[in-house]
Amino acid sequence: MSQVAVEAPPKGGFSFDLCRRNGMLSKKGVPPPSYRKTGTTIVGLIFQDGVILGADTRATEGPIVCDKNCEKIHYMAPNIYCCGAGTAADTEAVTDMVSSQLQLHRYHTGRESRVVTALTLLKSHLFKYQGHVQAALVLGGVDANGPHLHTIYPHGSTDTLPFATMGSGSLAAMSVFESKYREGLTKEEGIKLVCEAICSGIFNDLGSGSNVDVCVITKRFY
Amino acid sequence: MTKQQANWSPYDNNGGSCVAIAGADYCVMAADTRMSSGYNILTREYSKICKLADKAVMASSGFQADVNALQKQLAAKHLTYQHQHNKQMSCPAMAQLLSNTLYYKRFFPYYAFNVLGGLDSEGKGCVFTYDAVGSYERVGYSSQGSGSTLIMPFLDNQLKSPSPLLLPAQDAVTPLSESEAVDLVKTVFASATERDIYTGDKLEIVVLNAGGIHREYMELRKD
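What you see is a predicted model; the values in this text were computed from it and never measured.

Draft legend 1. Geometry of the packing of helix H3 (residues 148–159) of chain B against helix H4 (residues 178–195) of chain B. All names here are of chain B. In the contact formed by H3 and H4, the axes pass within 10 Å of each other and the chain directions differ by 150 degrees. Taken together, the axes of H3 and H4 are roughly antiparallel relative to one another. Seen along the crossing, H3 lies across H4 with a hand that is right-handed. The residues of H4 that touch H3, namely those facing Leu 150, Ile 151, Phe 154, Leu 155, Gln 158 and Leu 159, are Leu 184, Val 188, Ala 192 and Arg 195. Split into classes, the residues belonging to the contact of H3 with H4 amount to eight nonpolar, one polar and one charged.

Draft legend 2. Region of the structure containing the environment of Leu 122 of chain A. All names here are of chain A. Of note, Leu 122 is situated in helix H3 (residues 115–128). Here Leu 122 falls in the buried class, since its relative accessible area comes to 0%. C-alpha of Leu 122 to C-alpha of Leu 139: the two residues are 17 residues apart in sequence and 9.7 Å apart in space. Apart from residues no more than four positions distant in its own chain, Leu 122 is found in contact with Met 76, Val 94, Val 98, Leu 137, Leu 139 and Ile 152.

Draft legend 3. How the structure looks around the sheet that holds strand S8 (residues 125–130) of chain B. All names here are of chain B. Spatially, S5-S6-S7-S8-S9 is the arrangement adopted by the five strands of the open sheet, whose pairing is antiparallel. Bordering the open sheet on either side are strand S5 (49–53) and strand S9 (136–139), each of which pairs with just one other strand. Strand-to-strand twist across the sheet, computed as the mean angle between neighbouring axes with direction ignored, equals 25 degrees. Two strands pair when backbone bridges link them, and S5 and strand S6 (residues 56–62) are joined in this way by four bridges, in the antiparallel orientation.

Draft legend 4. Just the interface of chain A and chain B, in detail. With 19 residues of chain A in contact, the opposing surface of chain B contributes 16 residues. It is Lys 68, Phe 203 and Leu 206 of chain A in chain A that bury the most area against chain B; as a group they hold 41% of the surface buried on that side. At the boundary of chain A with chain B, the tally comes to two salt bridges. Note that Lys 68 of chain A is salt-bridged to Glu 194 of chain B, the shortest N-O span being 2.9 Å. If you look at where chain A meets chain B, you find eight residue pairs in polar contact (both at pLDDT 80 or more). Considering every element that reaches the side of chain A that touches chain B, the biggest residue donor is strand S5 (residues 64–67) of chain A, with four residues.

What counts, and at which threshold
- Positions within a chain are numbered from 1, following the residues in the order the chain's sequence is written.
- Naming scheme: in the order in which they are written, chains are lettered from A and ligands are numbered from 1.
- The predicted nature of this model means local features are confined to residues of pLDDT at least 70 and side-chain atom pairs, given and counted, to a pLDDT of 80 or more, with totals for whole chains, interfaces and linings taken over all residues.
- With hydrogens and water set aside, each side-chain value is computed from the structure's full complement of heavy atoms.
- Helix axes are fitted only over the stretch in contact, all axes being lines through C-alpha atoms; the angle between N-to-C directions runs from 0 to 180 degrees.
- The numbering of helices and of strands both runs from the N terminus, where a helix is a DSSP run of H or I of at least 4 residues and a strand a run of E of at least 2.
- Just so you know how the angles are binned, under 35 degrees is roughly parallel, over 145 roughly antiparallel, 65 to 115 roughly perpendicular, and the rest oblique.
- Two helices that cross are described as forming a left-handed crossing if the nearer one is turned anticlockwise from the farther one by less than a right angle, and a right-handed crossing if clockwise.
- Residue contacts are counted whenever heavy atoms from the two residues lie within 4.5 Å of one another.
- All residues other than Ala, Val, Leu, Ile, Met, Phe, Trp, Tyr, Cys, Pro, Asp, Glu, Lys and Arg, Gly among them, are scored as polar; the first ten of these are nonpolar and the last four charged.
- Whether a residue is buried, partly exposed or exposed follows from its accessible area with a 1.4 Å probe, protein chains only, as a fraction of its type maximum: under 20%, in between, or over 50%, in that order.
- Only when DSSP finds a minimum of two bridges between them are two strands counted as paired.
- In this description, buried area is defined as the sum, over both parts, of the accessible area (probe of 1.4 Å) that is lost when the two are combined.
- We count a salt bridge whenever a side-chain nitrogen from Lys or Arg sits within 4 Å of a carboxyl oxygen from Asp or Glu.
- Throughout this description, a polar contact denotes any pair of N or O atoms lying within 3.5 Å of each other; where both atoms belong to protein, one of them has to be capable of donating a hydrogen while the other can accept it, and for residues adjacent in sequence the pair is counted only when both atoms sit in side chains.

What follows is the structure, given as structure tokens:
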């Protein structure tokens, strides 16, 4: 004798109900819908007065360029910016969400946001979704403890580095950084090096292209 | 127990796009010179255009190792023909030969997407377009390769051929002049380069007319 079960309230997060249907469809040969990825080159480096972030501006859907001039450097806080590679919707959503959370936190504490706060919020969100949110990020900013640069991987692991690259063009860009980076770069040298690294990605990686966006975040001297 | 899938493929796609346009007394062939594999560029200066006979030129995109093997086969068969008939093969004859050569490997195909262009025995431009296993058709213009989905609709818009089923039979060749056709091809590739990541670097244009074969190059975006 079957009993009518009480409907549990929806728990939020991803619902995997349609996975079985999708598996059946792909076995029948129906291709899954594609989503827009930013096959990308994003970089960051620490120079003597702060952090410089760089990104290319091409967004691709498979082999086709769907946006020739998209913005991959996202605002997190007045002193913190984040470059995003991976699925465009995921990088937008996760950086917008954490940016809002940081603002609420600023209202609550009355202080300037810290980079480690953004880092912890991002990594815990990505870990909670076990890599299904495909966002690979380069987070950089300057706060009361100085300049910081971090990389965040889709599964939620992070690294703290003096220079970093992510995306399909990361190897091309990293080869430039590994040859030419040194500590204590000036702002002009840093911008030039970031541009060279992104250009290396633009010309040698087919997933990156078009223009170079640069974001310089400097320490306040007072 | 699900069916075992192969974990290695004998094919690779080296990308790139090819175009051919037939005119009243000329034929324009063009292809980009980028050779790639996945997200990497293997070389920026690879020619996809091959002269098979005095009046027949083939442009092929797809898997370049298979393209090279195909070109070698056709060159050998052409040489035999020349020994037996004491003359070069005409473009329609070469078209049939290419179709047969491709179908010969129906069950392990050449991963080559070809357009054959040249002048027929009357001196008029002719273009033949193929699929990977040899199905072909004489047309007024065609494109193949990774950028063909971007290029073909534009060519249809500019050059739309009358249907070959119409009576009386109408000319498929375009009324454009040779320089107008070359300009059209340059525009087409500049646009395809913007939106297709596998197309770019340099454009190679080959023009066949009564005066012979003429080659020129144009720079394209390298990103």
